Amino acid sequence: MKLYSLLSIGPVVGAALFLAGLAPLKAQEQTFSDSHLDAARQVVAATKALSSFDDILPLLAEQTRTLFIQSDPSRTQEVVDVSTEVALKLAPRRADLNRVIYEIWARRFSEEELLQLAEFYSTPLGEKLADSGPAITALAIGAARQWQDTISTEMVALVREELDKRAAQ
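Notes on the structure follow. Model, not experiment: these values are computed from the prediction.

1. A closer look at unusual backbone geometry
For step 1, the next point in the chain: Despite not being glycine, Lys48 has its phi angle at roughly 60°, a positive value.
For step 2, the next point in the chain: With respect to the helices, strands and loops of the structure, Lys48 is situated in the loop between helix 3 (34-47) and helix 4 (56-71).
For step 3, the next point in the chain: For Lys48, a relative accessible area of 42% gives the class partly exposed.

2. Let's talk about the packing of helix 3 against helix 7 (residues 111-121)
For step 1, the next point in the chain: Direction vectors running N to C along helix 3 and helix 7 enclose 30°, while the axes themselves pass 8 Å from each other. Judged on the interaxial angle alone, helix 7 and helix 3 are roughly parallel. In the packing of helix 3 onto helix 7, the handedness of the crossing is left-handed. On the side of helix 3, the interface is formed by Ser35, His36, Ala39, Ala40, Gln42, Val43, Ala46 and Thr47, while helix 7 contributes Glu111, Leu114, Leu115, Leu117, Ala118 and Tyr121.
For step 2, the next point in the chain: Residue classes in the contact of helix 3 with helix 7 are distributed as 9 nonpolar, 4 polar and 1 charged.

3. Notes on the environment of Ile69
For step 1, the next point in the chain: Relative to the helices and strands, Ile69 resides in helix 4.
For step 2, the next point in the chain: Apart from residues lying up to four places away in sequence, Ile69 is in contact with Thr76, Val79 and Val80.

4. Examining helix 6 (residues 94-108)
For step 1, the next point in the chain: Between its first and last C-alpha, helix 6 extends 22 Å over 15 residues, near the 21 Å set by a 1.5 Å rise per residue.
For step 2, the next point in the chain: Those residues of helix 6 that fall on the buried side of the exposure criterion are Leu97, Asn98, Val100, Ile101, Tyr102, Glu103, Ala106 and Arg107.

5. Quick look at the pattern of salt bridges
For step 1, the next point in the chain: Inspection of the entire model under this criterion finds 9 salt bridges.
For step 2, the next point in the chain: Among the salt bridges present, the one from Asp96 reaches Arg93, with a minimum N-O distance of 3.7 Å.
For step 3, the next point in the chain: A residue is classified by how much of its surface remains accessible, and Arg93, at 55% relative accessible area, is exposed.

Criteria and cut-off values
- Here the residue numbers are simple positions, counted from 1 along each chain's written sequence.
- Under the rules for a predicted model, residues below a pLDDT of 70 receive no local features and side-chain atom pairs below 80 are neither given nor counted, while totals for whole chains, interfaces and linings still include all residues.
- To get the side-chain values, all heavy atoms of the structure are used, and hydrogens and water are removed first.
- Each helix corresponds to a stretch of at least 4 residues labelled H or I by DSSP, and each strand to a stretch of at least 2 residues labelled E; elements are numbered beginning at the N terminus.
- Exposure categories follow from relative accessible area, calculated using a 1.4 Å probe and restricted to protein chains: below 20% of the type maximum is buried, above 50% is exposed, and the middle band is partly exposed.
- Interaxial angle, 0 to 180 degrees, is taken between N-to-C directions of lines fitted to C-alpha atoms, where a helix line uses only the stretch in contact.
- Note on terminology: angles under 35 degrees are roughly parallel, angles over 145 are roughly antiparallel, angles of 65 to 115 are roughly perpendicular, and the others are oblique.
- With the far helix as reference, a near helix turned anticlockwise by less than a right angle produces a left-handed crossing, and one turned clockwise produces a right-handed crossing.
- Contacts are assigned to residue pairs with any non-hydrogen atoms lying within 4.5 Å of each other.
- Only Asp, Glu, Lys and Arg are considered charged, only Ala, Val, Leu, Ile, Met, Phe, Trp, Tyr, Cys and Pro nonpolar, and every remaining residue, Gly among them, polar.
- To estimate how far a helix should extend, the number of its residues minus one is multiplied by 1.5 Å.
- A pairing counts as a salt bridge when a side-chain nitrogen of Lys or Arg comes within 4 Å of a carboxyl oxygen of Asp or Glu.

Here you go:
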């Protein structure tokens, strides 16, 4: 068996550590009524909050394939077959992540608040917000990065200018 560098398995290890990081949430476990979790489920579904996690398992499968194929290209088809089989076996575990997400919402909002949120997200405005949210967030992050770059350049220039003034005194 060939040794893999930590860099080559970095994304796989990172994802595994992320998922393992869900374990501490269980340590803070609270019990929620079925209706409280159902209200959280309604909000999560209405906000489409789970869709951003849909690519985790396929991405992990692809990274794992790449890792093993790089190690032994002669077994490419076998690696593809086995990694696909394993990914399909692991797919039902997605319910664990969903449950944690519901509990996160339930921890932060009362059942009544969740019901109000679910009601809002079922309105045309709420649906528009849920649909537009990812694009708005991406644009806001882009604007913040652009602003940061502009301010960073300006800050460096102003600090350099001030240091040059002080050095000349």
